[in-house]
Amino acid sequence: QVQLVESGGGLVQAGGSLRLSCAASGRTFSSYIMGWFRQAPGKEREFVAAITCSGGNTYVADSVKGRFTISRDNTKNTVNLQMNSLKPEDTAVYYCAADRGPFFVTTIRTPHSYDYWGQGTQVTVSA
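What counts, and at which threshold
Residues numbered from 1 in each chain as written. Predicted model: local features only at pLDDT ≥ 70, side-chain atom pairs only at ≥ 80, totals over all residues. Heavy atoms only, no water. Buried < 20%, exposed > 50% of the residue type's maximum accessible area, 1.4 Å probe, protein only. Helix = DSSP H or I, 4+ residues; strand = E, 2+ residues; numbered from the N terminus. Pairing = 2+ DSSP bridges.

S.K.: Would you mind showing me how to read the pairing of strand β11 (residues 121–126) here?
M.R.: Where a strand is regular, its side chains alternate between the two sheet faces. Because side chains alternate across β11, one face comprises the buried residues T121, V123 and V125, and the other comprises Q122, T124 and S126, none of which is buried. Across four bridges, strand β2 (residues 10–13) lies against β11 in parallel orientation. In the sheet register, G10 faces β11, and the bridge partner there is V123. Pairing analysis gives three bridges linking strand β9 (residues 92–99) to β11, with the strands arranged antiparallel. Within β11, the position partnered with V93 by the bridge is Q122.

In structure tokens form, the structure reads like this:
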């Protein structure tokens with residue numbers, strides 16, 4: 001089992017940056033596909049970014065492409081989301097998630113594919 005704890009959220013002005021981190025417990029972190037999702041009030045949880053077990057491949061939503069970058073450090077059991085050029089529409093609770101796999105490019109954008117979730121961290125972008 002994996003426990004996930006997000007950090008790094010906060011209030012930032014439009015155009016600013018934030019770096020979210022997710023710390024994972026357990027000795028098998030490197031065997032999990034990791035993802036970031038977000039959920040704004042009244043909206044469904046949506047895919048933001050994902051990274052394969054080795055970190056060799058990353059995937060990001062079109063809405064954040066060119067602004068957000070996902071990375072992981074398997075020696076520290078962490079996955080990060082660097083968010084630049086933030087917009088008010090990026091305001092949401094951001095969740096870290098772990099997927100035991102197997103890896104399918106068609107399902108990594110789907111919340112139901114993920115087995116473990118963190119509690120979330122609030123990101124608020126003011127205009």
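S.K.: Would you take a moment to explain the pairing of strand β8 (residues 78–83) for this structure?
M.R.: Most of β8 sits inside the fold, with five of its six residues counted as buried. Strand direction decides the pairing type here: strand β3 (residues 18–24) and β8, joined by six bridges, are antiparallel. If you follow R19 over to β8, its bridge partner there is Q82. Taken together, the six bridges between strand β7 (residues 68–73) and β8 define a ladder with antiparallel strand orientation. Paired with I70 across the two strands is L81, which belongs to β8. Hairpin connection between β7 and β8: a loop of four residues separates the two successive antiparallel strands, and N77 in this loop has a positive phi of roughly 55 degrees.

S.K.: Got a minute to help me understand unusual backbone geometry in this structure?
M.R.: Peptide bonds are, in most cases, trans, and in most cases residues other than glycine have a negative phi. The omega torsion across G101 and P102 is 5 degrees, close enough to zero to call that bond cis. Looking at the element boundaries, P102 is found in the loop between β9 and β10 (116–117). Of note in this structure, N77 is not a glycine but carries a positive phi near 55 degrees. Here N77 lies in the loop between β7 and β8. Its relative accessible area of 18% is what places N77 among the buried residues. With a phi close to 50 degrees, S85 is a non-glycine residue in the positive phi region. Among the structural elements, S85 can be located in the loop between β8 and β9. The class of S85 is partly exposed, set by a relative accessible area of 40%.

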